[in-house]
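A closer look at the structure
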Number of protein chains: 4
Amino acid sequence: MYSFKNDYSEGAHPRILQALVETNLIQEDGYGGDQFTQKAIELIKQHIGNDDVDVHLLSGGTQTNLIAISAFLKPHEAAIAASTGHIFTHETGAIEATGHKIIAVDTKDGKLTPAHVEQVLNDHPDEHMVKPKLVYISNSTEIGTIYQKEELIQLSETCKKNNLLLFMDGARLGSALCSKENDLELSAIPSLVDVFYIGGTKNGALLGEALILCREALKEDFRYHMKQKGALLAKGRVLGIQFQELFKDNLYFELASHANEMAEKLNNELKKEGFSFLTASPSNQIFPIFSNALIKELQTKFAFHIWEEVDKEHSAIRLVTSWATKESEVVAFVEAIKGRAL
Amino acid sequence: MYSFKNDYSEGAHPRILQALVETNLIQEDGYGGDQFTQKAIELIKQHIGNDDVDVHLLSGGTQTNLIAISAFLKPHEAAIAASTGHIFTHETGAIEATGHKIIAVDTKDGKLTPAHVEQVLNDHPDEHMVKPKLVYISNSTEIGTIYQKEELIQLSETCKKNNLLLFMDGARLGSALCSKENDLELSAIPSLVDVFYIGGTKNGALLGEALILCREALKEDFRYHMKQKGALLAKGRVLGIQFQELFKDNLYFELASHANEMAEKLNNELKKEGFSFLTASPSNQIFPIFSNALIKELQTKFAFHIWEEVDKEHSAIRLVTSWATKESEVVAFVEAIKGRAL
Amino acid sequence: MYSFKNDYSEGAHPRILQALVETNLIQEDGYGGDQFTQKAIELIKQHIGNDDVDVHLLSGGTQTNLIAISAFLKPHEAAIAASTGHIFTHETGAIEATGHKIIAVDTKDGKLTPAHVEQVLNDHPDEHMVKPKLVYISNSTEIGTIYQKEELIQLSETCKKNNLLLFMDGARLGSALCSKENDLELSAIPSLVDVFYIGGTKNGALLGEALILCREALKEDFRYHMKQKGALLAKGRVLGIQFQELFKDNLYFELASHANEMAEKLNNELKKEGFSFLTASPSNQIFPIFSNALIKELQTKFAFHIWEEVDKEHSAIRLVTSWATKESEVVAFVEAIKGRAL
Amino acid sequence: MYSFKNDYSEGAHPRILQALVETNLIQEDGYGGDQFTQKAIELIKQHIGNDDVDVHLLSGGTQTNLIAISAFLKPHEAAIAASTGHIFTHETGAIEATGHKIIAVDTKDGKLTPAHVEQVLNDHPDEHMVKPKLVYISNSTEIGTIYQKEELIQLSETCKKNNLLLFMDGARLGSALCSKENDLELSAIPSLVDVFYIGGTKNGALLGEALILCREALKEDFRYHMKQKGALLAKGRVLGIQFQELFKDNLYFELASHANEMAEKLNNELKKEGFSFLTASPSNQIFPIFSNALIKELQTKFAFHIWEEVDKEHSAIRLVTSWATKESEVVAFVEAIKGRAL
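Rules of the game
- Residues numbered from 1 in each chain as written.
- Chains lettered and ligands numbered in written order.
- Predicted model: local features only at pLDDT ≥ 70, side-chain atom pairs only at ≥ 80, totals over all residues.
- Heavy atoms only, no water.
- UniProt positions renumbered as here; feature names shortened; annotations may be inferred.
- Helix = DSSP H or I, 4+ residues; strand = E, 2+ residues; numbered from the N terminus.
- Rg over C-alpha atoms; globule rule 2.2 N^0.38 Å.
- Buried < 20%, exposed > 50% of the residue type's maximum accessible area, 1.4 Å probe, protein only.
- Phe/Tyr/Trp six-rings, centres within 6.5 Å; stacked < 30°, edge-to-face > 60°.
- Lys NZ or Arg CZ within 6 Å of the ring centre and 35° of its normal.
- Lys, Arg positive; Asp, Glu negative; His and termini not counted.
- Salt bridge = Lys/Arg side-chain N within 4 Å of Asp/Glu carboxyl O.
- Polar contact = N/O pair within 3.5 Å; in protein donor to acceptor, adjacent residues only side chain to side chain.
- Contact = heavy atoms within 4.5 Å.
- Buried area = accessible area lost by both parts, 1.4 Å probe.
- Axes fitted to C-alpha atoms, helices over the stretch in contact; angles between N-to-C directions.
- Parallel < 35°, antiparallel > 145°, perpendicular 65-115°, else oblique.
- Left-handed = near helix turned anticlockwise from the far one by under 90°.
- Nonpolar A, V, L, I, M, F, W, Y, C, P; charged D, E, K, R; others polar.
- Least-squares fit on C-alpha atoms with pLDDT ≥ 70 in both.
- 1 Å grid on protein atoms, 1.4 Å probe; cavity = no way out; pocket = protein on both sides within 12 Å on 5 of 7 lines; lining within 4 Å.
- Points joined across faces, edges and corners; volume = space filled by probe spheres on them.
- Pairing = 2+ DSSP bridges.
- Patch = residues over 30% accessible without salt bridge, like charges linked within 9 Å, V, L, I, M, F, W, Y side chains within 5 Å.
- Areas by Shrake-Rupley, 256 points an atom, 1.4 Å probe, with all protein chains shown as cover.

Naming follows an unreviewed UniProt entry, where chain A appears as Low specificity L-threonine aldolase of Metabacillus litoralis. The Cofactor (unreviewed entry) comment attached to chain A in UniProt states, word for word, "pyridoxal 5'-phosphate".

Scanning chain A from N- to C-terminus turns up 15 helices and 13 strands. Taking 342 residues into account, the globule formula puts the C-alpha radius of gyration at 20 Å, and chain A, at 20 Å, falls close to it. With respect to the principal axes defined by its C-alpha atoms, chain A has extents near 60 × 55 × 35 Å. Within chain A, the fraction of its 342 residues that count as buried is 66%.

All names here are of chain A. The full count for this structure, using the stated rule, is 60 aromatic pairs over all chains. Taken together, a centroid distance of 5.9 Å and an interplanar angle of 85° make the contact between Phe247 and Phe253 edge-to-face. The pair formed by Phe247 and Phe253 is uniform in burial state, with each residue classed as buried. Connected via pairs of aromatic rings, a cluster forms that spans Tyr2, Phe4, Phe275, Phe290, Phe302 and Phe333. Here Lys111 stacks its cationic end above the ring of Tyr147, 5.7 Å away from the centre of that ring.

Residue and element names in this part refer to chain C. Assignment of secondary structure puts Asp169 in strand β6 (residues 165-169). An unpaired buried charge is present at Asp169: no salt bridge exists, and Lys202, the closest side chain of opposite charge, is 6.9 Å distant. Engagement of the side chain of Asp169 in a polar contact is seen with the side chain of Asn65, the distance being 3.3 Å. Leave out the neighbours within four places in its chain, and Asp169 touches Asn65, His86, Tyr136, Ile137, Ser138, Asn139 and Tyr197.

Let us now look at the interface of chain A and chain C. Contacts between chain A and chain C engage 18 residues on the former and 17 residues on the latter. In this assembly, chain A packs against chain C so that about 1300 Å² is buried in total across both faces, 54% of it on carbon and sulfur atoms. The three residues of chain A that bury the most area against chain C are Thr92, Glu96 and Lys101 of chain A, which together make up 41% of that side's buried surface. Our enumeration of links across chain A and chain C arrives at two salt bridges.

Further remarks concern the packing of helix α13 (residues 251-272) of chain B against helix α15 (residues 327-337) of chain B. Residue and element names in this part refer to chain B. Packing of α13 against α15 leaves a shortest axis separation of 10 Å and a crossing angle of 15°. Put simply, α13 runs roughly parallel to α15. Handedness of the α13/α15 crossing: right-handed. Taking contact as the criterion, the partners of Met262, Lys265, Leu266, Glu269 and Leu270 in α13 are, on α15, Glu327, Val330, Val331, Phe333, Val334 and Ile337. When grouped by side-chain class, the residues that make up the contact of α13 with α15 number eight nonpolar, no polar and three charged.

Bringing the relation of the copies chain A and chain B into the picture now. For the match of chain A to chain B, the screw axis carries a shift of 0.0 Å, the RMSD comes to 0.0 Å, and the turn is 180°. Both copies are brought into coincidence by an operation consistent with a two-fold rotation axis.

Of the transformation superimposing chain A on chain C, the axial component is 0.0 Å and the angular component is 180°, with the fit at an RMSD of 0.0 Å. Most of the interface of chain A is mirrored in chain C: 94% of its interface residues are interface residues there too.

A separate point is empty space enclosed by the protein. Residue and element names in this part refer to chain C. All chains considered together, the criterion is met by 13 cavities of 30 Å³ or more. Its boundaries defined by the atoms lining it, the largest cavity holds a volume of some 320 Å³. It is helix α3 (residues 61-72) that provides the largest number of residues to the lining of the largest cavity, a total of four residues. One number sums up the size of the second largest cavity: a volume of about 80 Å³.

All names here are of chain C. With mixed pairing, seven strands are arranged side by side in an open sheet as β2-β8-β7-β6-β5-β3-β4. Edge positions in the sheet fall to β2 (54-58) and β4 (102-105), since each has one partner strand and no second. Neighbouring strand axes in the sheet, compared pairwise and without regard to direction, differ in orientation by 25° on average. Bridging between strand β3 (residues 77-82) and β4 involves four bridges; their strand directions are parallel. Paired with Ala81 across the two strands is Ala104, which belongs to β4.

Moving on: the sheet that holds strand β8 (residues 209-213) of chain D. Residue and element names in this part refer to chain D. Judged by pairing direction, the sheet is mixed, and its seven strands sit side by side in the order β2-β8-β7-β6-β5-β3-β4 without closing on themselves. Among the strands making up the open sheet, the edge pair consists of β2 (54-58) and β4 (102-105). This sheet shows a mean twist of 25° between the axes of neighbouring strands, independent of strand direction. Helix α2 (residues 35-48) rests against β2, β7 (195-199) and β8 of the sheet, and its axis sits at about 125° to β2.

Moving on, we come to the UniProt feature "domain: Aromatic amino acid beta-eliminating lyase/threonine aldolase" (unreviewed entry) in chain A. With numbering aligned to this structure, UniProt lists the feature "domain: Aromatic amino acid beta-eliminating lyase/threonine aldolase" (unreviewed entry) at residues 26-277 of chain A. Span residues 26-277 of chain A is 44% helix and 15% strand, its end C-alpha atoms 50 Å apart.

The subject of this paragraph is a nonpolar patch on the surface. Residues and elements named next belong to chain A. Where nonpolar side chains cluster on the molecular surface, the patch consists of Leu278, Trp307 and Val310 and spans about 230 Å² of accessible area. Here Leu278 lies in the loop between α13 (251-273) and β9 (285-286). Exposure remark for Leu278: the relative accessible area of 31% places this residue in the partly exposed category.

Below you can see the structure in the form of structure tokens.
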């Protein structure tokens, strides 16, 4: 049964495995002191077009979120997030476990706006409440939407004006940046946010996220935080080799583009067939609404998550594509729903 | 320049890489729900000869230590460790960062005894001090020594009598169990300790530690703790495939044996040459004492850590061997120190 | 200007000060080992009619909440609270600072129901989310409402069925129990909740809350938690003497009854005048709705908090009465609003 | 039986109780917004002779230590303390519970020197270990010794040079400053340390410590930390009234001087009789060495702590005097040991 459950169902892009094999017996220093990690960092900086950032390679999204946020906040400071934000709903209280409250805001599309942020600031006037200090956004969001450049500029200005840090969870940044609706350049991000990451796990790596620290004040001692939270891999080379491969040319973006194309194809065909969607998503996660009967049928041939009940007879499901998604399976899925939208 | 700096200078044993390549495009569930992880757990249980344990695969030693210890202790409870213990000296306060004090005990050989533990209990009589609750030991220890079975039995009884958990850090358990001086069977460990782990990172894996929970009370909800601390890899298969390969036959033990043989050869030759040692180590780390002049010379040909000053003219260095250590380089090292012991 | 801002504007009931003076030079052991604390605990148990509870005296509400909740929860466990709950809104993230998420539920009257709790449990099915473990309620609530006995019985059964702890914040328990609408006996509480406290600070003491642990499993080592969080006062007698005085007869309840009578008088007169209220409160906090013009006028004569905007022209204010509220000032307030309800 | 167990056996100095009684019914704002707290802060600043400090009133020593240290340190930063330091031995891991390691140093007299600090810095070179950031000292120390001004100047310079914060626990600062051997002026302290506190609980108050923040960078948002840790008393006036009374003239210093005189008298008489001491203490705690037989006898007439075994036949005891110590009881104690030094 073919799975559209997520973008981490397979291993790594073959070029990455090849690189692991080829470098395997070269002796290197541990904990990221290896040549591969150093080269990967250099390549990432070149892609960003910015040498003033610090780059650290970590293992996964929750780990990256919790280390960065806890490193940057003082004990009384809190993060603001959409109520759909990964840190609020899907990380087992990882941020709170480091001592920090997340102030959740309901949004219609998973994206935070200046108005959301300002409302939270108004609601937290004094020392009887936490002090909002960091704004957490995801791009693409957990429901597939992406930030337009102008939206990000507005949010960034609001954060600067109010002395808030802006953190962009980029677990699926590849898909966001390669979306047809995207107008945000990778090189523009460091001036707009204080910290972000480029997700590898969900775009072709075995594991790995590249965290980019864009402000001087956030850089100091960051490796201490990584070590303290168990994120400094003895064989840091494992991460370095992977990111070196992803960024030594445009592999990272080619993989994301393939994922998006597969999602777009699904999207277009479903629309053509008359299905509606929970959200309009231009990235690699789409949320079509099917009758429960159709869902039952589809489950015999494909694996996917049921996202939420829409009404008694219908539910939204989540279809996720990746660098590894086979076009033939997309075609098969479309075949399976043809003429079933009535 | 050949490195004896540590046992994580190379990548993984080739069979592991081969397995990653072969399984790469098989779709699997995330977060350890894959067939490889399930199979690895089954194989590890078979090697232990015990089906009543729970096995979890994690990424590294510090991560494993901090998740397990923080999962098991209440806020006022503390760990007891040798002052050479990895958690006390070399993990950037990872345990304290989860809220728990480590009570350090000076030892002569890196090993805790019942007398050490009882002294700590006597020194902590009431609620004005932390309550000692967990005894942390490493096998092999950070200075290369190993626990004899009888020592472990005594320590285990002391812990049981005093309602203390016994935790064995097995980052180098392979080397300990394959040591010529070892009389402890893997299968005996679950009855002697409450929790331990089988280190992969330092014995042939790219990354990975297999944590073994031996008591019912420690098993509940453990995956919540893994997720909360950022240790539940989306592609959990990466760990599963590696441990499946290491334990589908005796690869894990063959790799450790090779490391030990290389260390033993170094050890024997150095002894024969008249050098003395900081500690008597039967495992894959040895600590010979050289004149500073000789150290300087050796540093032009080999990489290693200077461990500590012995007197103004001499220092102990640390030589670490691994599954990947080449015998020819061991021979070269021995050549380089021949006749230099005067 | 007379203040209806809160119930902690004055010092202590004169009998408490008198007791402090009379016992002042008696030498006693520190940290609650004094005769007064022991006697106070005995008296409180008598009032509860239950000798199987443990009683601890602490300094304030936030301190009590954070120590108890962090003592009872494991790292991955969370508290459920109404979104108006004190721990969620007004304690500067004190609970999160101990590592635990609070799952907030919107309610119409500040009270949690079995349906609220069950919905939260449904929304938290696995290890990717926190595990709900403790239900936090306040009686009286932060908006003046109280729990009827039957409501508490239902909630208690839901908690027991789902293995959840039920925690009652009793900062204003005196006012709740002495309310005319109350049908809950103090003696019934230990069978319904797992832990609660009897607030002293807001009912006549200088400072002090009496925490009641009603389950064996929660009692162990509790003083360690108090000490660790800085709550074990060297002169524990300060708390003991106060609670001894409050509970050696019915002083505690007489003070709460006076507060309620003053609130009721305000309530009745405001109703008679035709004013409406944000919530129907039978305790010592009431929330009448006034025109902004009237509020401005009243502010020249009385101090109080503006609670929230109701519409552009009207706001709800909070009036709080206490053991020390003077009836003459209540009368003066009523005079000031007479005929102003149009 | 008269107690020399500690300096918190009685209530408060009568003038403090009198002030509580006289101000009791004046309505004031909560949480330190009252006139008494404001006046107390002003008076303390006048005594210090420095208006550039921030003063906060807290309830006790452990609370003050944990709030200040956790407010100032980032997650990977650690405190350095003497192994006799109160935070290391006697606060149930309160500092570690906020996430920070304490690096303990053995000293001969309970005092840290520049050499101690520099050794710790040398031992913590990189991100695999915590980063030492704060030096914790007590004055007077837990074993009765005090810092000479020149010692403090040296330590302060070492801290500044190495970018370390210097924190002085002043639970018994009154006794230190009023010691005959003291040459440190209260007014000199803010230029030498970054933060210190003036202990009230052990010098005549019911409860209360006045924390003095001497550096701009430490002042921001401090009340958030107090609130979050449960230290912002609703009736903050309780602390304000007490410190106002202690510092409106020289009461604080008169009380400490009395305690010291009583200790000195004991000290002199014991010396004259030929007894020796564990440490030479010029403050209100002394540690004479008695035969175990004599100790047994004395325990029938006086209460005190046995500090530690000196040899099989002798132990050191701790005698503590306070503002409330009666000279007649000192005389009685001296009588009881006369001629018993053989």
